[in-house]
Amino acid sequence: MNHQAIPVPSLEFQLTDTCQNNCGFCANGDSPSKKQSLSPELLQETFRRMRPESVIFSGGEPTIRMDLLAPYIRAARAAEVKTVKINTNLELLDPERLMQLEDAGLNIVHFALNTLEPEQHRNLRGNPHAEVTRVLENIHVILEQTRLKLKPEFVCMHETVENFWDVYDYLNDLHVAHPGRFETIELQRLILLGRACDASAPKTSEIAEIISRRTLGALQVDALCFGQEGAQFAPYGIHVFPCYNPANCGCSPVRVDVNGGVSKTNFAGLQADFNIMNVPDGGIERLLSSPCSASLKACAKV
Ligand code: SF4
């Protein structure tokens, strides 16, 4: 087969749908009971057809499959991907694994930190064995024993919103002590998909309060917003990622799931636009001109 390519600047791979945790706010609904993973064939076919400049390996928890993650990072480098990130809960890593991933070509570690309290962390993660101390230890290992960059995220929920400044201060101190190692902290509004419910949704005013104080520290705060929320936050001068669809988070790259489904979102409940392994020759033009592929077209380089 000689499929035409759709080059995109940034691409997310769901490396696995398995995760040791069971967060109620998981946008993908991933859990310990799921067992699928991305095949090397799908990885190579995607590189050939989408030629990304940057990729994120997410899940599920990608480090649960270190046997795939390190070789897939190497494959990304071999495919001339410039920036390779992982989206991880940071709990299954240790110094040896982190150095293995850095040696493979990893650049950036994206992780969520929603509380510094061990008990609340276990509750939020839906896992009695989850350990926030492990997360914090691994942040220090990354800063002190590797050259990897860190991209923290805070999921803003009714249960967590009051933790924001404690988490921020903790990370801001590290940012000041290790200049150039942190990207912005991403303030992410709870996504009411997956298992999350209305009761966990923060008020817009609570998020606006954080945003209005966002310049108090050195670590920059960015916000992820949805549809019209972007307009609500615009007066604060904050960087709001562009939205192509009110149901989609604007900064999400094109996502390839473990089954090859391709969509412009990483949120459960939305259908993939098409399956990359099942697009016949000549089918790309048809897909790009169809209404369901408008979001993909919007971020394609062609
Ligand atoms: S949010 Fe992250 S850590 Fe929680 S279940 Fe989903 S993939 Fe796992």
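Residues numbered from 1 in each chain as written. Predicted model: local features only at pLDDT ≥ 70, side-chain atom pairs only at ≥ 80, totals over all residues.

Trainee: How do you make sense of the overall build of the protein when you look at a structure like this?
Mentor: Assigned secondary structure in the protein consists of 10 helices and 10 strands. Per-residue burial over the protein gives 38% buried out of 302 residues. Here the contacts in the protein between residues at least 6 apart in sequence split such that 70% fall between residues at least 24 apart. (Helix = DSSP H or I, 4+ residues; strand = E, 2+ residues; numbered from the N terminus. Buried ≥ 20, exposed ≤ 12 C-beta atoms within 10 Å, placed from the backbone. Contact = placed C-beta atoms within 7 Å.)

Trainee: Would you mind going over the pairing of strand β4 (residues 108–112) with me for this structure?
Mentor: Every regular strand shows the same layout, with side chains that alternate between the two sheet faces. Bridging between strand β3 (residues 83–88) and β4 involves 4 bridges; their strand directions are parallel. Its bridge partner lying in β4, Thr88 is registered against Phe111. For the crossover from β3 across helix α3 (residues 95–104) to β4, the handedness is right-handed. Two elements, β4 and strand β5 (residues 149–156), share 5 bridges in a ladder whose sense is parallel. (Pairing = 2+ DSSP bridges. Right-handed = clockwise from strand over helix to strand, strands pointing away.)

Trainee: Looking at this model, I keep getting lost on helix α5 (residues 132–145). Mind explaining?
Mentor: What sets the pattern is the α-helix's 3.6 residues per turn: residues three or four places apart point alike. When the terminal C-alpha atoms of α5 are compared, their 20 Å separation across 14 residues agrees well with the 20 Å that a helix rising 1.5 Å per residue should span. Listed in full, the buried residues belonging to α5 are Val132, Val135, Asn138, Ile139 and Ile142. Axial view of α5: buried residues confined to an arc of 120 degrees, hence all on one face. For α5, the exposed residues lying more than 90 degrees away from the buried face are Thr133, His140, Glu144 and Gln145. Those residues of α5 hidden inside the fold are in contact with α3, β4, α4 (118–125), β5 and α6 (164–177). (Expected span 1.5 Å × (residues − 1). Arc of directions from axis to C-beta.)

Trainee: Would you explain the site of the ligand in this entry?
Mentor: The ligand sits among Cys19, Asn21, Asn22, Cys23, Cys26, Asn28, Asp30, Gly59, Gly60, Glu61 and Asn89. For the shell around the ligand, the per-class residue count stands at 3 nonpolar, 6 polar and 2 charged. (Near = placed C-beta within 6 Å. Nonpolar A, V, L, I, M, F, W, Y, C, P; charged D, E, K, R; others polar.)

Trainee: Explain the packing of helix α2 (residues 66–78) against α3 to me, please; I cannot follow it from the model alone.
Mentor: Packing of α2 against α3 leaves a shortest axis separation of 8 Å and a crossing angle of 25 degrees. For the element pair α2 / α3, the angle class is roughly parallel. Here α2 contributes Met66, Leu69, Ala70, Ile73 and Arg74 to the contact with α3, which in turn contributes Arg97, Gln100, Leu101 and Ala104. (Axes fitted to C-alpha atoms, helices over the stretch in contact; angles between N-to-C directions. Parallel < 35°, antiparallel > 145°, perpendicular 65-115°, else oblique.)

Trainee: Please clarify how the nonpolar core should be interpreted in this entry.
Mentor: A general tendency of soluble globular proteins is for nonpolar side chains to be buried together. With 57 residues, the main nonpolar core has Phe13, Val55, Phe57 and Leu187 as its most contacted residues. The contact partners of Phe13, leaving out residues within four places of it in the chain, are Leu38, Leu43, Val55, Phe57 and Val256. (Core = buried A, V, L, I, M, F, W, Y, C linked by C-beta atoms within 7 Å.)

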